[in-house]
Each structure stands twice: as structure tokens, then as C-alpha cells.
Amino acid sequence: MGNVITDDILVARAQKGDMAAFDVLVRKYQYKVVNLVSRYVSDADAQDVAQEAFIKAFRALKGFRGNSAFYTWLYRIAINTAKNHLVARSRRPASQDIDVADAELFGHTEQMSDVDTPEASALTDELKRAVAQAISALPAELKTAITLRELEGLSYEEIAEAMDCPIGTVRSRIFRARAAIDEVIRPLVED
Amino acid sequence: MMDEKLSALLDDELDQEAASDCLDRLSRHISARQAWSRQNLIRAVLKDQAGRETVDISAQVMVALRNESISDSSTGRARVLPFRLPGIPRQQWATGLAVAASIAAVTMLLPVFDTPDSVPAASTSQVAQSTDSQAIRQVALERARANAEARRELQQYLLDHEAIASGHGLSSQRAYMRMASPGAAYVTYSPEQ
């Protein structure tokens, strides 16, 4: 099966003015972008800066030629937006530069922003607990499939080989695992 | 709704045709996009890539971009800033924004439905000379009833939104309308009047 990179289709559609396609991209990357910029700016500003980064990305999208992955390009815009935000706020930018690839790897203990709000982390902590509990409650074959996919980053073909089952079965197991986790977290994130 | 294809799309495990079909469905259905958001949130949480703030900002981004395109088409220039109302918690104003947009739409639609009762009567009199005057009178009567029913439904719609507004810290529709179009004068329904 010749799989396609979903981002490529979405970017092509968004470049033609398809706002819904850009919405799908925003929904895909928003949490990672907010997390990324929150290493530069306060929690209070992180969402505004992330929002501004997406707006800038949309404006610049027609110039995106696909020389790099979309998310690399987007993260670079997000980091520049965060740095500009700091300059505008007359604050010193981060003392050390962070490479886009490295930025994703930083954990919460390496936050560079100086304003933390306990309220902000409460929902995330609750989500983490809920997701962990939902996964631990899964049947073994679903737990293995979703773990190999999400944490190990294996493709369906590789998971099929590891679990000694057809690709269709892997696809079904991953879906069922996600549906079960979704049931648990939906009440937490819906208004 | 979450389904197997959407799950496979998340993993880039669909071929071109299936991925395009799935993306078409995402574009059409907000529930599918919401499921997409949640699945990406789960992924971010699992990979420890979710920040301390996990509020969905996609609605604000799209509102800002739509405002930009409106501004572009009307003035030829635009300066888009992150969309946020001062002094109101983000989730409250995001909900309020949706309500305000709904009320604005209803307010714009009101004149369409709020046809004076004399209009159907006048139409009736103009065609009463025809031999089918009785049938036309009946049509006009039904139209007047439909208009009255539409007015009732719209009034109920506004009252429902009034209740939602109260629950989100804005005291009335008037506050929403002021928010949507500052400086404009409004005459809105008030239960006290």
C-alpha cells in the first residue's frame, strides 16, 4: 500500500485556500506548538503566541515548498514568534538556543519560562492520569499495539511483524485502543 | 466520530484515495474534527508533548483567520492579533463568541421572517380578482401562520441563548451584540419589558 503523508495533502489543500484543511492541521499540532512556545513564554501567553504562530504560518503557507516537513517549518515559525514576543515584552530571550528538533525532546523540568500556574497543569496532570489508567485497563493485545505505535513509533507493518498478525488486525487493535482512551478523556476535554 | 480510517489517517497509514476521502469527511463534520483533536491530544500526552495548557485553540485561530480574510477583502490590508477578550477566562469567551455569532446571525435574519401581517393580506387582495382567490387566500393565511411560527421559534432561540449567556458570565444578549459590533445601537427583547 502506498501510504501518503497526511500533512502533504492538507498543506496542498490549505495552499489553495481550504480553511478546513488548515483547521485540521491546527488541531493536529496545536498542543505541541503550545508546549513548544511555553518553554519561552509564560503559560499565560503561550496560547496567544501559539495562535499568532498559526496565523503567521497560514499567511506564509503559499511560500512553503515542502523542502522540509511541515511540522519542522511550523515549529520554526513558532519559535521565532515566541522570541519576537519576548523582545516585544522587553524581556531577555532564552539564554541558550534550542534547535527545533531538540525542542520537542525537552521535558517539563527544563522549562525556560518563568511563570508557572498550578491551575494550568491540573488538567494536563488529570489527562495524563486518565490516559495512563485507560491504557492499563486495555486488553493485552490492544495495549501492546497502541504502545508500539505511539511510544515506539513503529509502523503498522512493523507492529504486524512484532505481534505476528495481519496489518488489518493491527489497524483494528490500534483503533479500538484509541476509541477506549477517547471514551475516558472526552468528558475531561469537552466544554 | 472516531473510526478506523481516522485512526489510520492519524498514523499516515492510508493510501492517497482513502486519505483524501477521510480528509473530506474531516472537513465536513465538526464531530470528526473534534475526535481528531482529541486523538492528537492523547498522542501529545503519551509522548509528554502536551504543555501545561491543553485548551483547544483551533476555534480562535480560525476566527482570527476569517476576520483577516474579511479585513483583506474590505480594506486591502490586515493586522491580525490573537483573538482574546480581556478579563474573561478563555473557555468562557470562546463559548461566548459562538453564542454571539449565533445571535448576530439570528438578528440579521429577523427582518426576513418578521414580515408584517399586512403583506400576505395585500398579496391576497392583489390576486383576489382571479377565480382562485379562495385558494390564494388560504395560501396567504398559511404563510402568515408560518411567519408567526418562525417568529416564535426565533424568540425561543434568543431566550435559549440568553440562558447560555447568563451561564457564561455575560449578563445579556445585549452584551454579546456590543461585543460583536461595538458602538452600534440595539433594541433587544427583554423578559422584564
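What you see is a predicted model, and the numbers here were worked out from it, not measured in a lab.

Calculation notes
Here the residue index of a chain counts from 1 through its sequence in written order. Whichever chain is written first is A, and whichever ligand is written first is 1; the rest continue in order. The predicted nature of this model means local features are confined to residues of pLDDT at least 70 and side-chain atom pairs, given and counted, to a pLDDT of 80 or more, with totals for whole chains, interfaces and linings taken over all residues. In computing side-chain properties, one takes all heavy atoms of the structure into account and sets aside hydrogens as well as water. Counting from the N terminus, the helices are DSSP H or I runs at least four residues long and the strands are E runs at least two residues long. Whether a residue is buried, partly exposed or exposed follows from its accessible area with a 1.4 Å probe, protein chains only, as a fraction of its type maximum: under 20%, in between, or over 50%, in that order. Computed with the Shrake-Rupley method and a 1.4 Å probe, the accessible areas treat only the protein chains shown as cover for residues. What makes a salt bridge here is a side-chain nitrogen of Lys or Arg within 4 Å of a carboxyl oxygen of Asp or Glu, nothing more. Two aromatic rings from Phe, Tyr or Trp, using only the six-membered ring of Trp, form a pair when their centres are within 6.5 Å; if the ring planes differ by under 30 degrees the pair is stacked, by over 60 it is edge-to-face, and anything between is tilted. Throughout, a residue-residue contact means that at least one pair of heavy atoms, one from each residue, lies within 4.5 Å. Joining two parts hides part of their accessible area as seen by a 1.4 Å probe, and the buried area is that hidden amount summed over both. All axes are obtained by fitting lines to C-alpha atoms, using only the stretch in contact for helices, and the reported angles, taken between N-to-C directions, cover 0 to 180 degrees. Here is the rule for angles: anything less than 35 degrees is roughly parallel, anything more than 145 is roughly antiparallel, 65 through 115 is roughly perpendicular, and the remaining ranges are oblique. The nonpolar class holds Ala, Val, Leu, Ile, Met, Phe, Trp, Tyr, Cys and Pro. Asp, Glu, Lys and Arg form the charged class, and all remaining residues, Gly among them, are polar. On a range of 0 to 100, pLDDT expresses the predictor's confidence in each residue. Here, nonpolar core refers to any group of buried Ala, Val, Leu, Ile, Met, Phe, Trp, Tyr and Cys residues whose side-chain atoms link them within 4.5 Å. For the purposes of this description, domain bounds are those given by an automatic or database domain assignment. What a helix should span is 1.5 Å times the count of its residues minus one. Whenever two N or O atoms come within 3.5 Å, that pair is a polar contact, provided that in protein one can donate a hydrogen and the other can accept it, and provided that, for residues adjacent in sequence, both atoms are side-chain atoms. Throughout, a crossing is termed right-handed when the near helix is turned clockwise from the far one, and left-handed when it is turned anticlockwise from it by less than a right angle.

Undergrad: Quick one: what's the story with the overall build of chain B, residue by residue and with numbers?
TA: In terms of helices and strands, chain B carries eight helices and zero strands. Relative to its 193 residues, chain B shows a buried fraction of 38%. Surface summary for chain B: the accessible area is close to 10600 Å², and the carbon and sulfur share equals 55%.

Undergrad: Pulling in residues and values, what's your account of the overall build of chain A?
TA: Counting its secondary structure elements, chain A contains nine helices and zero strands. Ordered by position in the sequence, the α and β elements of chain A form the string α-α-α-α-α-α-α-α-α. Element-wise, carbon and sulfur atoms account for 49% of the exposed surface of chain A, whose accessible area totals about 9200 Å².

Undergrad: Outline the pattern of salt bridges, listing residues and values.
TA: Under the counting rule described, the total for this entry stands at 17 salt bridges over all chains. Taking the shortest distance from any N to any O, the salt bridge between Glu150 of chain A and Arg43 of chain B comes out at 2.8 Å. In this pair, Glu150 of chain A sits in helix H7 (residues 140-150) while Arg43 of chain B sits in helix H3 (residues 30-46), so the two residues belong to two different chains. For Glu150 of chain A, a relative accessible area of 2% corresponds to the buried category. One salt-bridge network, held together by shared partners, links Arg149, Glu150 and Arg178 of chain A together with Asp11 and Arg43 of chain B.

Undergrad: Go over the packing of aromatic side chains, please, and point to the residues and values.
TA: All names here are of chain A. Evaluated as defined, the whole model comprises eight aromatic pairs over all chains. Centroid distance Phe70 to Trp73: 5.8 Å. Interplanar angle 40°. Geometry classified as tilted. Of this pair, Phe70 and Trp73 both sit in helix H4 (residues 70-88), three residues apart, which is roughly one turn of the helix. Like Trp73, Phe70 is buried.

Undergrad: Now, about the interface of chain A and chain B: what can you tell me, with residues and values included?
TA: With 65 residues of chain A at the interface, the matching set in chain B holds 61 residues. The largest contributions to the chain A side of the interface with chain B come from Arg27, Tyr31 and Gln47 of chain A, which together make up 13% of the buried area. Taken together, the links from chain A to chain B amount to nine salt bridges. A salt bridge links Asp11 of chain B to Arg149 of chain A, with the nearest nitrogen and oxygen atoms 2.9 Å apart.

Undergrad: Mind laying out the side chain of Asn40 of chain B, listing which residues take part and the relevant values?
TA: Along the chain, Asn40 of chain B turns up in helix H3. When residues no more than four places from it in sequence are discounted, the contact partners of Asn40 of chain B are Arg27, Lys28 and Tyr31 of chain A together with Leu10 of chain B.

Undergrad: Describe in detail the packing of helix H9 (residues 167-189) of chain A against H3 of chain B, supporting the description with residues and values.
TA: Their axes nearest at 10 Å, the elements H9 of chain A and H3 of chain B cross at an angle of 100°. Overall, the two elements H9 of chain A and H3 of chain B adopt an arrangement that is roughly perpendicular. Mapping the contact onto sequence places Arg178, Ile181, Asp182, Ile185, Arg186 and Val189 of chain A in H9 of chain A and Arg38, Gln39, Leu41, Ile42 and Arg43 of chain B in H3 of chain B. The residue makeup of the contact of H9 of chain A with H3 of chain B, split by class, is five nonpolar, one polar and five charged.

Undergrad: Could you give an account of the confidence of the model for chain B, with specific residues and numbers?
TA: Residue and element names in this part refer to chain B. Residues with a pLDDT of 70 or more make up 34% of chain B, whose mean pLDDT is 64. Counting contacts from residues 76-80, a segment whose pLDDT is below 50, to residues more than four positions away or on other chains yields eleven contacts. Segment residues 85-89 is flagged for pLDDT under 50; beyond a separation of four residues in sequence, or across chains, it makes four contacts in the model. On the interface metric, ipTM, the complex scores 0.83, and its pTM is 0.63.

Undergrad: How would you sum up the nonpolar core? Please name residues and give values.
TA: Counting residues in hydrophobic clusters, the biggest one holds 84 residues, and the most contacted among them are Phe22, Val33, Phe54 and Phe70 of chain A together with Leu9 of chain B. Two domains share this core, each providing at least three of its residues, namely domain 1 (1-91) and domain 2 (116-191) of chain A. With near-sequence residues (within four places) excluded, Val33 of chain A lies in contact with Ala50, Phe54, Leu74, Tyr75 and Ala78 of chain A.

Undergrad: Provide a residue-level description of H4 of chain A, including the pertinent values.
TA: The end-to-end C-alpha distance of H4 of chain A, which contains 19 residues, comes to 27 Å, matching closely the 27 Å that a straight helix rising 1.5 Å per residue would cover. Of all the residues in H4 of chain A, the buried ones are Phe70, Trp73, Leu74, Tyr75, Ile77, Ala78, Ile79, Thr81, Ala82, His85 and Leu86 of chain A.

Undergrad: Describe unusual backbone geometry, naming the residues involved and giving the relevant values.
TA: Here Asp164 of chain A, not a glycine, exhibits a phi torsion of approximately 55°, which is positive. If you trace the backbone, Asp164 of chain A turns up in the loop between helix H8 (156-163) and H9. Its identity is not glycine, yet Asp12 of chain B carries a phi of approximately 55°, on the positive side. When you line up the elements, Asp12 of chain B lands in the loop between helix H1 (4-10) and helix H2 (16-28).

Undergrad: Give me the environment of Lys128 of chain A: which residues, what numbers.
TA: Considering the arrangement of structural elements, one finds Lys128 of chain A in helix H6 (residues 118-136). Accessibility expressed as a relative area gives 24% for Lys128 of chain A, which makes it partly exposed. A polar contact of 3.1 Å, which involves the side chain of Lys128 of chain A, links it to the side chain of Asp48 of chain B.

Undergrad: I'd like a rundown of the packing of helix H2 (residues 19-37) of chain A against helix H3 (residues 43-60) of chain A, residues and numbers included.
TA: Residues and elements named next belong to chain A. In the contact formed by H2 and H3, the axes pass within 9 Å of each other and the chain directions differ by 140°. Classified by the angle between their axes, H2 and H3 sit oblique to one another. Judged by the twist between their axes, the crossing of H2 over H3 is right-handed. The residues of H3 that touch H2, namely those facing Met19, Phe22, Val26, Tyr29, Gln30, Val33, Val34 and Val37, are Ala46, Gln47, Val49, Ala50, Phe54, Ala57 and Phe58. Across the contact of H2 with H3, the residue classes tally to 13 nonpolar, two polar and no charged.

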